[in-house]
Amino acid sequence: DAGVIQSPRHEVTEMGQEVTLRCKPISGHDYLFWYRQTMMRGLELLIYFNNNVPIDDSGMPEDRFSAKMPNASFSTLKIQPSEPRDSAVYFCASSSGSRENEQFFGPGTRLTVL
Amino acid sequence: AQKVTQAQTEISVVEKEDVTLDCVYETRDTTYYLFWYKQPPSGELVFLIRRNSFDEQNEISGRYSWNFQKSTSSFNFTITASQVVDSAVYFCALSERRDNFNKFYFGSGTKLNVKP
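Residue numbers restart at each chain and count upward from 1, following the sequence in its written direction. Lettering of chains starts at A and numbering of ligands starts at 1, both following the order in which they are written. Whole-chain, interface and lining totals are the exception, using all residues; otherwise, since this is a predicted model, local features are given only for residues with pLDDT of at least 70 and side-chain atom pairs are given and counted only at 80 or more. To obtain the side-chain values, all non-hydrogen atoms of the structure were used and water was disregarded.

Section: the state of the cysteines
A disulfide bridge is the covalent bond that connects two cysteines by way of their sulfur atoms. Pairs of cysteine sulfur atoms within 2.5 Å are what we label disulfides. Counted under the stated rule, the structure contains 2 disulfides over all chains. Each sulfur of the disulfide joining A:Cys23 and A:Cys92 lies 1.8 Å from the other. Here the disulfide of A:Cys23 and A:Cys92 is left-handed, its torsion about the S-S bond being about -65°. Note that A:Cys23 is positioned in strand 3 (residues 19–24) and A:Cys92 in strand 9 (residues 88–95), a separation of 69 residues in sequence. As far as burial versus exposure is concerned, A:Cys23 and A:Cys92 are alike and both buried. In this model B:Cys23 forms its disulfide with B:Cys92; the gap between the sulfur atoms is 1.9 Å. In this structure, the disulfide formed by B:Cys23 and B:Cys92 twists by about -70° around the S-S bond and is classed as left-handed. Highlighted residues: B:Cys23 in the loop between strand 3 (19–21) and strand 4 (24–25) and B:Cys92 in strand 10 (residues 88–98), separated in sequence by 69 residues. Each member of the pair B:Cys23 and B:Cys92 is classed as buried. Only DSSP runs of H or I with at least four residues qualify as helices, and only runs of E with at least two residues qualify as strands; both kinds are numbered from the N terminus onward. Relative accessibility under 20% of the residue-type maximum defines a buried residue, over 50% an exposed one, and the middle range a partly exposed one, all with a 1.4 Å probe and only protein chains included.

What to know about the packing of aromatic side chains
To describe a pair of aromatic rings, one takes the distance between the centres and the angle between the planes. Note on aromatic contacts: the rings of Phe and Tyr and the six-membered ring of Trp form a pair at centre separations within 6.5 Å, being stacked when their planes are under 30 degrees apart, edge-to-face when over 60 apart, and tilted otherwise. For the structure shown, the criterion picks out 23 aromatic pairs over all chains. Relative to B:Trp66, the ring of B:Tyr64 has its centre 6.0 Å away and its plane inclined at 85°; by these criteria the two rings are edge-to-face. Classification of B:Tyr64 by relative accessible area gives buried; the value is 15%. Relative to B:Tyr90, the ring of B:Phe77 lies with its centre 5.5 Å away and its plane at 65°, an arrangement referred to as edge-to-face. Taken together, the residues B:Phe77 in strand 9 (residues 74–79) and B:Tyr90 in strand 10 connect sequence positions 13 residues apart. Taking relative accessible area as the criterion, B:Tyr90 reaches 0% and is therefore assigned buried. Among the aromatic residues, those joined into a cluster by ring pairs are A:Tyr31, A:Phe33, A:Tyr35, A:Tyr48, A:Phe91, A:Phe105, B:Phe35, B:Tyr37, B:Phe47, B:Phe91, B:Phe104 and B:Phe106. By the criterion adopted, a ring carries a charge over it if an Arg CZ or a Lys NZ lies within 6 Å of its centre and within 35 degrees of its normal. One Lys or Arg, B:Lys3, reaches over the ring of B:Tyr105 and ends 5.4 Å from the middle of that ring.

Re the interface of chain B and chain A
On the chain A side, the residues contacting the 20 residues of chain B number 18 residues. Accessible-area loss on putting two parts together, using a 1.4 Å probe and summing over both, is the definition of buried area adopted here. Both sides of the chain B and chain A interface together cover about 1,800 Å² of buried area, and 57% of this is carbon and sulfur. Looking at the side of chain B facing chain A, the largest losses of area belong to B:Leu45, B:Phe104 and B:Phe106, adding up to 35% of the total buried there. Counted as salt bridges are all cases of a side-chain nitrogen of Lys or Arg within 4 Å of a carboxyl oxygen of Asp or Glu. We note a salt bridge from B:Lys103 to A:Asp56, for which the minimum N-O separation is 2.9 Å. Between N or O atoms, a polar contact is any pair within 3.5 Å; within protein, one atom must be a potential hydrogen donor and the other a potential acceptor, and residues adjacent in sequence are included only when both atoms are from side chains. One can count 5 residue pairs in polar contact (both at pLDDT 80 or more) joining chain B with chain A. Of all the elements in the fold, those that place two or more residues in the side of chain B that touches chain A are strand 5 (33–39), strand 6 (46–52), strand 10 and strand 11 (101–106) of chain B. Every residue pair with non-hydrogen atoms within 4.5 Å of one another is taken to be in contact.

Quick look at empty space enclosed by the protein
Definitions used for this entry: grid spacing 1 Å over protein atoms alone; cavity, a set of points where a 1.4 Å probe fits but cannot get out; pocket, an open set with protein on both sides within 12 Å along at least 5 of 7 lines; lining residue, one with an atom within 4 Å of a point. Grid points are joined across faces, edges and corners, and a volume is the space filled by probe spheres set on the points. A complete count under the given rule lists 1 cavity of 30 Å³ or more for this structure. Roughly 50 Å³ of volume is contained in the largest cavity. Forming the walls of the largest cavity are A:Asn101, A:Gln103, B:Phe35, B:Tyr37, B:Ala93, B:Leu94, B:Ser95, B:Phe104, B:Tyr105 and B:Phe106. When contributions to the lining of the largest cavity are tallied by element, the ones reaching two or more residues are strand 5, strand 10 and strand 11 of chain B. Throughout, the ten residues Ala, Val, Leu, Ile, Met, Phe, Trp, Tyr, Cys and Pro are labelled nonpolar, Asp, Glu, Lys and Arg are labelled charged, and all others, Gly among them, are labelled polar. Its residues placed into classes, the lining of the largest cavity shows 7 nonpolar, 3 polar and no charged.

Quick look at the layout of surface pockets
Taken as a whole, the largest pocket holds about 820 Å³ of empty space. A:Gln37, A:Thr38, A:Met39, B:Gln39 and B:Val89 are, among the 34 residues lining the largest pocket, the residues nearest its centre. At the level of elements, strand 4 (31–38), strand 9 and strand 11 (109–113) of chain A together with strand 10 and strand 12 (110–115) of chain B are the ones that each hand at least two residues to the lining of the largest pocket. Looking at the lining of the largest pocket element by element, the count peaks at 4 residues for strand 11 of chain A. Here the residues of the lining of the largest pocket are counted per class, giving 13 nonpolar, 16 polar and 5 charged. Quantified by volume, the second largest pocket comes out at close to 430 Å³. Around the second largest pocket sit 18 residues that line it, and A:Leu43, A:Glu44, A:Leu45, B:Phe104 and B:Tyr105 are the ones nearest its centre. Where the lining of the second largest pocket is concerned, the elements lending two or more residues are strand 5 (42–50) of chain A together with strand 11 of chain B. Grouping the constituent residues of the lining of the second largest pocket by class yields 8 nonpolar, 5 polar and 5 charged.

Below, the structure is given as structure tokens:
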């Protein structure tokens with residue numbers, strides 16, 4: 001298996017622009033997670049899906065952030081409009097089953113908002 | 001209060017030294033799961049171990065060992081005879097059940113520097 005795939009790996013954009021991050025989970029995994037990692041705040045869970053349904057989005061910072069999972073093999077995290085404080089590494093992870101199983105992380109997308 | 005506390009922000013050791021990374025967690029759940037992940041300088045997060053709340057047996061995997069103690073809510077990670085390749089940020093994580101759905105928490109991480 002190719003593992004969790006994220007694109008793009010790097011994104012540089014200007015403040016106010018829309019940014020879309022993409023994730024393809026491991027085939028057969030029914031949980032998908034979006035995390036944000038910064039030096040100041042560490043690794044934060046933004047939202048997770050189970051069987052394509054958002055379950056806990058309490059970590060989404062504000063309405064500028066939205067996430068979708070239209071099918072079992074694809075998810076997006078969108079920021080509109082982007083701000084410099086959104087600069088971070090965004091990780092997607094997937095897992096099989098429930099909370100007892102480990103998460104497999106993608107390589108991350110490094111986002112820089114100028 | 002932090003759900004997962006990794007009080008050691010950064011540790012530096014010399015190769016071949018033993019080092020223990022501390023993890024203290026907080027939960028009211030009776031069934032929960034604890035994890036350790038490694039994030040090397042390349043940036044990816046790699047799963048190391050999972051432990052459920054009913055299994056307090058310590059585990060050893062090569063140079064790695066884990067000490068789970070429910071009485072102190074701790075799940076510490078020891079690397080024996082550390083090597084330069086062990087240099088990474090290590091995260092402890094907790095999953096529990098709250099308000100009828102699963103919750104996931106990561107600690108702030110401990111950066112381990114192993115010097116030759």
